[in-house]
Amino acid sequence: MSDDFKDKEEQNDENTPASENQHSDYKPADTKNASVKHQLSGMYQNWFLDYASYVILERAVPHINDGLKPVQRRILHSMKRLDDGRYNKVANVVGHTKQFHPHGDASIGDALVQLGQKDLLIDCQGNWGNILTGDGAAAPRYIEARLSKFALDVVFNPKTTEWQASYDGRNKEPITLPVKFPLLLAQGVEGIAVGLSSKILPHNFNELCDASMAYLREEEFKLYPDFQTGGSIDVSRYNDGERGGVVKVRAKINKLDNKTLAITEIPYGKTTTSLIDSILKAVDKGKIKVRKVDDNTAEKVEILVHLAPGVSSDKTLDALYAFTDCEVSISPNCCVIDERKPHFLTVSTVLKKSVDNTLSLLRQELEIRKGELLESLHFSSLEKIFIEERIYKDVKFEQSENMDAACEHIDKRLTPFYPQFIREVTKDDILRLMEIKMARILKFNKDKADENIARIKEEIEEINNKLAHIVDYTIAWYEMLKEKYGKNYPRRTELRNFDTIEAAKVVEANEKLYINREEGFIGTALKKDEFIANCSDIDDVIIFYKDGKYKVVRVADKMFVGKNVLYVNVFKKNDKRTIYNLVYRDGKEGFHYIKRFNITSITRDREYDVTQGTPGSRIVYFTANPNGEAEVIKITLKPNPRIKKIVYEKDFSEINIKGRQSMGNILAKFEVHKIALKQRGGSTLGGRKVWFDHDVLRLNYDERGQYLGEFQSDDLILVVHENGDFYTTNFDLNNHYDPGIRIIEKFDANKIWSAALFDADQQGYPYLKRFTFEASARKLNYLGENKDSRLILLTSVIYPRIQVIFGGHDSFREQLDIDVDEFIGVKSFKAKGKRITTFTVASIAELEPTRFPEPEDEESEAEEKEEDTPEIEDPDQGKSESDIIDEITGQMKLF
């Protein structure tokens, strides 16, 4: 905060009359005279600072001690005054709160509804709205509220509350409530003041209790947000809730089938209405293709997204996160009021201060109770002596002239017993003795009095012990809260890492790109011209020109790019697989160069050159290869007496892939007649290496997680779940995988698997089966249709061995070792398998194999994998060199 703010607060804290601090001494000049200039600096520095200070301290920002804004504090104080165990009309609570809150009833009612919807401090009855759908609460006259048991346990204690006069001086209100729990972190808060804001995210009740106990034990702890709306959250950049951090929150989306997605949990701060609106906007903009959206939300969220025919459910799921409110970023800003000034803290600091405050309050409560007990002990001792010594029957006492004389006599009689008392006897004590009724004196019992004094002393001793071990006592307080209320607050928001979704990869290709070569235009609006490719409205387009220039531009309805266009296509950023093969002539009469390169990223709308930049340079051969294919080209030179061979071939696979600015290799030093494709080639990049990241459950090509292998275009991935489900997928990065994966690897149709399981259809007996998995995009289950069947072990060892150890009544039997290959043959995964035993089994474990497969013959394997001969496209097939020369020079053959 500014120094002016601090100075103003220090000034307000002094004991000066309120009128001196309300306004500055500045008075505007004559407002009726238009020629007079008005200096506003005085008003701004004083009056506006007054207003800003008021909004920050008294309206928008919570106090660190109790975690409440003033309106919330006043509502709770009013509800406590009204509390009789029954529900009160919200309208009545609002009216009562206006004794303390100098604002309209609408602001009080809204704040009360928000408190009630947090489901912590207020017990609600009636229609209080729905945080999932955004529906508002019923009118205050229709709904009722009372304080929750948690609030009564934790929030109030008039003996430890600091009070101040209300705004009109007629009542007392708490400066802060004595809250013995990190309420600010449990509820969260959001407020906008003048010049600053506060946004503290809610945290889990049980985790706050655990963190509080960890702090008291001087252990490390970490706190992460938890939302009533559920969803999942990435806290990698939470930064302990401090200003500058950010969290990503996602809705929970399930695939009901390949045509339907179900949203069952929504991000914090969003409603089903706002979420559906964002989906419909994305559909209108063409980002995703959705047939319709149904909102079936009632007690729980259920939004069904029906996909258009032919649309990938995995890609649409990513697109929902990328283009709608299914994923939102939240920037926390932990701003609180402490010592009459705003402070920006971390969540951990807030928790520590809350725990310190709780410990202090618990100590105060114990000391107050101890003081009350000491007073009770003191008077019980006085009473006992007063009655046992029959002081009330003394003649001097009965014949005392006045009250002072009676008190003096009693004081004189008590003087011998003063050493027994815990403090000095005062006149008030004596007056209180004189108020004892005769009925109480007649019923006095010495044993009961001694017993009462002993009980008080015992309780005092217990309190002294708690005060001596105040940290342990505070830990026990949090344990009590967790045990009593924690079961009502399970964690709803899943903590997980999110994969970064690139919008360009998941946006729907809702446009078509065209080119008009004659006029030099490209765009999506040129419907009658040459079609190039499908694209989206956020794609980039790469353009190569015949003179070697190239650039990247945005997709547009219509854009002039020039008439010298050689190649146009959608540009994929960071694509290392697309390789450009080309031959260019350096200058008008220079050498011909051959080069291979990729383009991963360049500045948009900036012109680059694949040649050396010599004037007159020209591309004479060009191909774009999405998987790094390398063809063979045939070069025909113009006849020259110095050239012995005018026709030769060049294989692009012999050329290294370099940067786009490389000069390339010399292909020809003489004049070239033509260059033509002779033979198409295969990829020189090999298969695509794929990894699986178990943290985000996604595939990647960036060496993160488990390496799955090198994949060709037709290869598949096998996924086996713990529950026995299995299926195969391609290696597209848009694929989504569910939790609970047991095995994920490159699919091998010939790989033999062995499984031991307890078959629920066969009285739960253990069975063995050997099988191969089938390629299927649909989920199948190798354990059978009965969901109660349970897997014991699954192995891909070729010659596995297992050991069966018996238990229960059969524990006396010797262990059984089984060679699985000899025990059962390979059958379908649907087969029941073979029963191992009918005896009671304690455990089944895999043993080390004793047999291993023979190594395969590399030569025979190479013969099996022999590739097909590439397609031949020689344009001069069947022609001799002299025929080619005659063709070039225009000579005619007579014979």
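Residues numbered from 1 in each chain as written. Predicted model: local features only at pLDDT ≥ 70, side-chain atom pairs only at ≥ 80, totals over all residues. Heavy atoms only, no water.

**A word on the packing of helix α4 (residues 70–82) against helix α5 (residues 90–97)**
Item 1. Running from amino to carboxyl end, α4 crosses α5 at an angle of 110 degrees, the nearest separation of the two axes being 9 Å. The orientation of α4 with respect to α5, classified from their angle, is roughly perpendicular. For the element pair α4 and α5, the recorded crossing hand is right-handed. Contact with α4, carried on its side by R74, I75, S78, M79, R81 and L82, involves N92, V93, H96 and T97 of α5 and no other residues of that element.
Item 2. Its residues assigned to classes, the contact of α4 with α5 comprises four nonpolar, four polar and two charged. (Axes fitted to C-alpha atoms, helices over the stretch in contact; angles between N-to-C directions. Helix = DSSP H or I, 4+ residues; strand = E, 2+ residues; numbered from the N terminus. Parallel < 35°, antiparallel > 145°, perpendicular 65-115°, else oblique. Left-handed = near helix turned anticlockwise from the far one by under 90°. Contact = heavy atoms within 4.5 Å. Nonpolar A, V, L, I, M, F, W, Y, C, P; charged D, E, K, R; others polar.)

**Focus: the packing of aromatic side chains**
Item 1. Using the criterion set out here, one finds 31 aromatic pairs in the structure.
Item 2. On the basis of an interplanar angle of 85 degrees and a centroid distance of 5.3 Å, the ring pair of F150 and Y485 is categorised as edge-to-face. Of this pair, F150 sits in helix α7 (residues 149–154) while Y485 sits in helix α18 (residues 470–485); the two residues are 335 residues apart in sequence, bridging distant segments of the chain.
Item 3. With a relative accessible area of 8%, Y485 lands in the buried category.
Item 4. Between W691 and Y707, the ring centres sit 5.0 Å apart and the planes meet at 50 degrees, which makes this aromatic pair tilted. (Phe/Tyr/Trp six-rings, centres within 6.5 Å; stacked < 30°, edge-to-face > 60°. Buried < 20%, exposed > 50% of the residue type's maximum accessible area, 1.4 Å probe, protein only.)

**Topic: the environment of I387**
Item 1. Along the polypeptide, I387 turns up in helix α12 (residues 347–388).
Item 2. With 244 residues separating them in the primary sequence, I387 and I143 have C-alpha atoms 57 Å apart.
Item 3. Look past the residues within four positions of I387 in its chain and what remains in contact with it is Y392, I441 and F444.

**Some points on the packing of helix α9 (residues 205–216) against α12**
Item 1. The N-to-C vectors of α9 and α12 enclose an angle of 75 degrees; their axes lie 10 Å apart at closest approach. Compared by their axis directions, α9 and α12 come out roughly perpendicular. Facing α9, whose interface residues are L208, A211, S212, Y215 and L216, α12 presents L351, K352, V355, D356 and L359.
Item 2. Taken together, the residues of the contact of α9 with α12 break down into seven nonpolar, one polar and two charged.

**Brief notes about the nonpolar core**
Across soluble globular proteins, nonpolar side chains show a tendency to be buried alongside one another.
Item 1. Residues L121, F150, F181, F205 and L481 are the most contacted members of the largest nonpolar core, which totals 76 residues.
Item 2. Sort the elements by how many residues they give to this core and α12 lands first, with nine residues.
Item 3. In this view, F181 contacts F150, V154, A186, F205, L208, C209, S354, T358, Y478 and L481; residues no more than four positions away in its chain are not counted. (Core = buried A, V, L, I, M, F, W, Y, C linked by side-chain atoms within 4.5 Å.)

**Topic: the confidence of the model for the chain**
Item 1. Per-residue confidence for the chain gives a mean pLDDT of 86, with 91% of residues at or over 70.
Item 2. Low pLDDT, under 50, characterises residues 1–22; the stretch is placed with 26 contacts to residues that sit more than four places away or in other chains.
Item 3. Throughout residues 864–869 the model reports pLDDT below 50, and contacts reaching past four residues in sequence, or to other chains, amount to zero contacts. (pLDDT = per-residue confidence, 0-100.)

**A look at the sheet that holds strand β3 (residues 144–147)**
Item 1. Spatial strand order, β1-β3-β2: three strands in an open sheet with antiparallel pairing. With one partner strand each, in any of the chains shown, β1 (88–89) and β2 (122–125) form the two edges of the open sheet.
Item 2. Relative to β3, β1 is paired through two bridges, and the arrangement is antiparallel. Across the sheet, N88 pairs through a bridge with A145, a residue of β3. (Pairing = 2+ DSSP bridges.)

**Some thoughts on the pattern of salt bridges**
Item 1. For the structure on display, the rule yields 45 salt bridges.
Item 2. When the shortest N-O distance is used, the salt bridge between R250 and E327 registers 2.6 Å. Of this pair, R250 sits in strand β9 (residues 247–250) while E327 sits in strand β14 (residues 327–330), and the two are 77 residues apart along the sequence. Considered together, R250 and E327 belong to a single accessibility category, that of buried residues.
Item 3. Salt-bridge contacts for D537 lead to K287; the nearest nitrogen and oxygen are separated by 3.3 Å. Residue D537 is found in the loop between β20 (530–535) and β21 (540–545), and its partner K287 is found in the loop between α10 (272–284) and β12 (290–295); the two are separated by 250 residues along the sequence. (Salt bridge = Lys/Arg side-chain N within 4 Å of Asp/Glu carboxyl O.)

**A look at the environment of I515**
Item 1. Mapped onto the elements, I515 comes out in strand β18 (residues 511–516).
Item 2. Look at I515 and you get buried, because its relative accessible area is 3%.
Item 3. On a C-alpha basis, the gap between I515 and F531 in space is 6.6 Å, while along the polypeptide they are 16 residues apart.
Item 4. Setting aside its immediate chain neighbours within four residues, I515 contacts F521, I522, D529, E530, I532, V565 and V568.

**Some details on empty space enclosed by the protein**
Item 1. Summed over the entire model, instances satisfying the criterion amount to three cavities of 30 Å³ or more.
Item 2. Space inside the largest cavity adds up to approximately 40 Å³.
Item 3. Lining the largest cavity are I64, N65, D66, G67, F181, P182, L183, L184, L185, V350 and S354.
Item 4. Elements with a minimum of two residues in the lining of the largest cavity: α8 (183–187) and α12.
Item 5. A total of three residues in the lining of the largest cavity trace back to one element, the largest contributor, which is α8.
Item 6. For the lining of the largest cavity, the class distribution of residues is seven nonpolar, three polar and one charged. (1 Å grid on protein atoms, 1.4 Å probe; cavity = no way out; pocket = protein on both sides within 12 Å on 5 of 7 lines; lining within 4 Å. Points joined across faces, edges and corners; volume = space filled by probe spheres on them.)

**As for unusual backbone geometry**
Item 1. Unusually for a residue other than glycine, E218 sits at a positive phi of about 60 degrees.
Item 2. Inspection of the secondary structure assignment puts E218 in the loop between α9 and β8 (232–234).
Item 3. Look at E339: it is not a glycine, yet its phi comes out positive at around 55 degrees.
Item 4. Note that E339 resides in the loop between β15 (335–338) and β16 (341–344).

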